[in-house]
Amino acid sequence: MVTVTDRYHHGDLRRALIDAAVEAVAEAGPSALSLRAVAKRAGVSHAAPAHHFGDKAGLLTAVAAEGFDRFADALERAWESTGDFHAVGAAYVRFAIDHKAHFEVMFRPELLHADDPDLLRAETRSREALHRGTGAVPGAVFNVRALAAWSLAHGFAELLIAGNFPPGVTEHPEEAFKAVATATLLGE
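Bear in mind that the values here come from a model prediction, so they are computed numbers and not experimental data.

(A) Structural view of the overall build of the protein. What the protein contains, in helices and strands, is 11 helices and zero strands. Scaling as 2.2 N^0.38, a compact globule of 188 residues should have a C-alpha radius of gyration of about 16 Å, and the protein matches this with 18 Å. Projected onto its principal axes, the C-alpha positions of the protein cover 55 × 40 × 30 Å. For the protein, the proportion of its 188 residues judged to be buried stands at 44%. Working note: accessible area of the protein is about 9,700 Å², and carbon and sulfur atoms make up 57% of it. Measuring between centres, the 18 positive side-chain charges of the protein sit 3 Å from its 25 negative side-chain charges.

(B) Structural detail: the layout of surface pockets. Within this model, the second largest pocket holds a volume of roughly 210 Å³. In terms of lining residues, the second largest pocket is bounded by 14 residues, among which Arg-14, Thr-61, Ala-62, Asp-116 and Asp-118 are the most central. Sorting elements by how many residues they give to the lining of the second largest pocket places helix H5 (residues 56–82) first, with six residues. Counted by class, the lining of the second largest pocket contains four nonpolar, three polar and seven charged residues.

(C) Fine view of the packing of aromatic side chains. Tallied over the entire structure, the rule returns nine aromatic pairs. Ring centres 5.1 Å apart and planes at 55° place the aromatic pair Phe-71 and Phe-95 in the tilted group. Of this pair, Phe-71 sits in helix H5 while Phe-95 sits in helix H6 (residues 85–98), placing them 24 residues apart in sequence. As far as the burial class goes, Phe-71 and Phe-95 line up, both buried. When the ring of Tyr-92 is compared with that of Phe-103, the centres are 6.1 Å apart and the planes differ by 85°; the resulting orientation is edge-to-face. Taken as a pair, Tyr-92 in helix H6 and Phe-103 in helix H7 (residues 100–106) lie far apart in primary sequence, 11 residues in all. A residue is classified by how much of its surface remains accessible, and Tyr-92, at 0% relative accessible area, is buried. One aromatic cluster is present, formed by Phe-68, Phe-71, Tyr-92, Phe-95, Phe-103, Phe-107 and Trp-150 through successive ring pairs.

(D) Molecular detail of the side chain of Glu-76. Along the chain, Glu-76 falls in helix H5. A distance of 3.0 Å separates polar atoms of two side chains, one belonging to Glu-76 and the other to Arg-125. If we skip the residues at most four places from it in the chain, Glu-76 touches Arg-125, Ala-129 and Arg-132.

(E) Inspection of a nonpolar patch on the surface at higher detail. A contiguous nonpolar surface patch, about 420 Å² in accessible area, is contributed by Phe-142, Val-144, Leu-147 and Trp-150. The exposure class assigned to Val-144 is exposed, which follows from its relative accessible area of 59%.

(F) Focus on the nonpolar core. Ranked by size, the top nonpolar core spans 52 residues in total, and within it Leu-33, Leu-59, Leu-75, Tyr-92 and Phe-177 carry the most contacts. In terms of residue count, H5 provides more of this core than any other element does, 10 residues in total. With residues near it in sequence (within four places) discarded, Phe-177 still touches His-86, Gly-89, Ala-90, Val-93, Leu-152, Ala-153 and Phe-156.

(G) Expanded view of the packing of helix H2 (residues 13–28) against H5. For the pair H2 and H5, the least separation of the axes is 10 Å and the interaxial angle reads 90°. The orientation of H2 with respect to H5, classified from their angle, is roughly perpendicular. Each of Arg-14, Arg-15, Leu-17, Ile-18, Ala-21, Val-22 and Val-25 in H2 lies in contact with H5, whose residues at this interface are Leu-59, Leu-60, Ala-62, Val-63 and Glu-66. Per-class residue counts for the contact of H2 with H5 are nine nonpolar, no polar and three charged.

So, how was this worked out
- Residues numbered from 1 in each chain as written.
- Predicted model: local features only at pLDDT ≥ 70, side-chain atom pairs only at ≥ 80, totals over all residues.
- Heavy atoms only, no water.
- Helix = DSSP H or I, 4+ residues; strand = E, 2+ residues; numbered from the N terminus.
- Rg over C-alpha atoms; globule rule 2.2 N^0.38 Å.
- Buried < 20%, exposed > 50% of the residue type's maximum accessible area, 1.4 Å probe, protein only.
- Areas by Shrake-Rupley, 256 points an atom, 1.4 Å probe, with all protein chains shown as cover.
- Lys, Arg positive; Asp, Glu negative; His and termini not counted.
- Charge placed at Lys NZ, Arg CZ, Asp CG, Glu CD.
- 1 Å grid on protein atoms, 1.4 Å probe; cavity = no way out; pocket = protein on both sides within 12 Å on 5 of 7 lines; lining within 4 Å.
- Points joined across faces, edges and corners; volume = space filled by probe spheres on them.
- Nonpolar A, V, L, I, M, F, W, Y, C, P; charged D, E, K, R; others polar.
- Phe/Tyr/Trp six-rings, centres within 6.5 Å; stacked < 30°, edge-to-face > 60°.
- Polar contact = N/O pair within 3.5 Å; in protein donor to acceptor, adjacent residues only side chain to side chain.
- Contact = heavy atoms within 4.5 Å.
- Patch = residues over 30% accessible without salt bridge, like charges linked within 9 Å, V, L, I, M, F, W, Y side chains within 5 Å.
- Salt bridge = Lys/Arg side-chain N within 4 Å of Asp/Glu carboxyl O.
- Core = buried A, V, L, I, M, F, W, Y, C linked by side-chain atoms within 4.5 Å.
- Axes fitted to C-alpha atoms, helices over the stretch in contact; angles between N-to-C directions.
- Parallel < 35°, antiparallel > 145°, perpendicular 65-115°, else oblique.

The following block contains the structure:
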């Protein structure tokens, strides 16, 4: 297994720090993250994270931007392979399960530099991927169907990763989401 430190010694300190931050968030959540602990985990000087990201919010912003890009990729793949809006929602749920640390950071604007260009680009890309199939006009401020879809998928994902569903749902989350979506506004 390649460790974060091994990746750093191959020349990509930024990548090593982001990976270390994702691991730390997965273990203890974003609020417990410290730059010093991330540096230690990555095997670099305690000043390295601040040098690359400025502060904790800068590092978490990089994690969130990466998360939104991966999220957009997952949603786009679901739409392109199925053309089914329910499949996009199921991909949303699967992303939350498979990338829990990213997911925990992405939707916490109080922890991020909201004006970061990479974050804004990635958020826009993921929003457009999510809104595909809802009839939302790109760039529109409000679309009730898109807002309902996002609320349903996000709420389902949050409840799922927090352990609030019975085993039948947790064993087959994508199918459970599709059934819930069919039973609500999205089933129209």
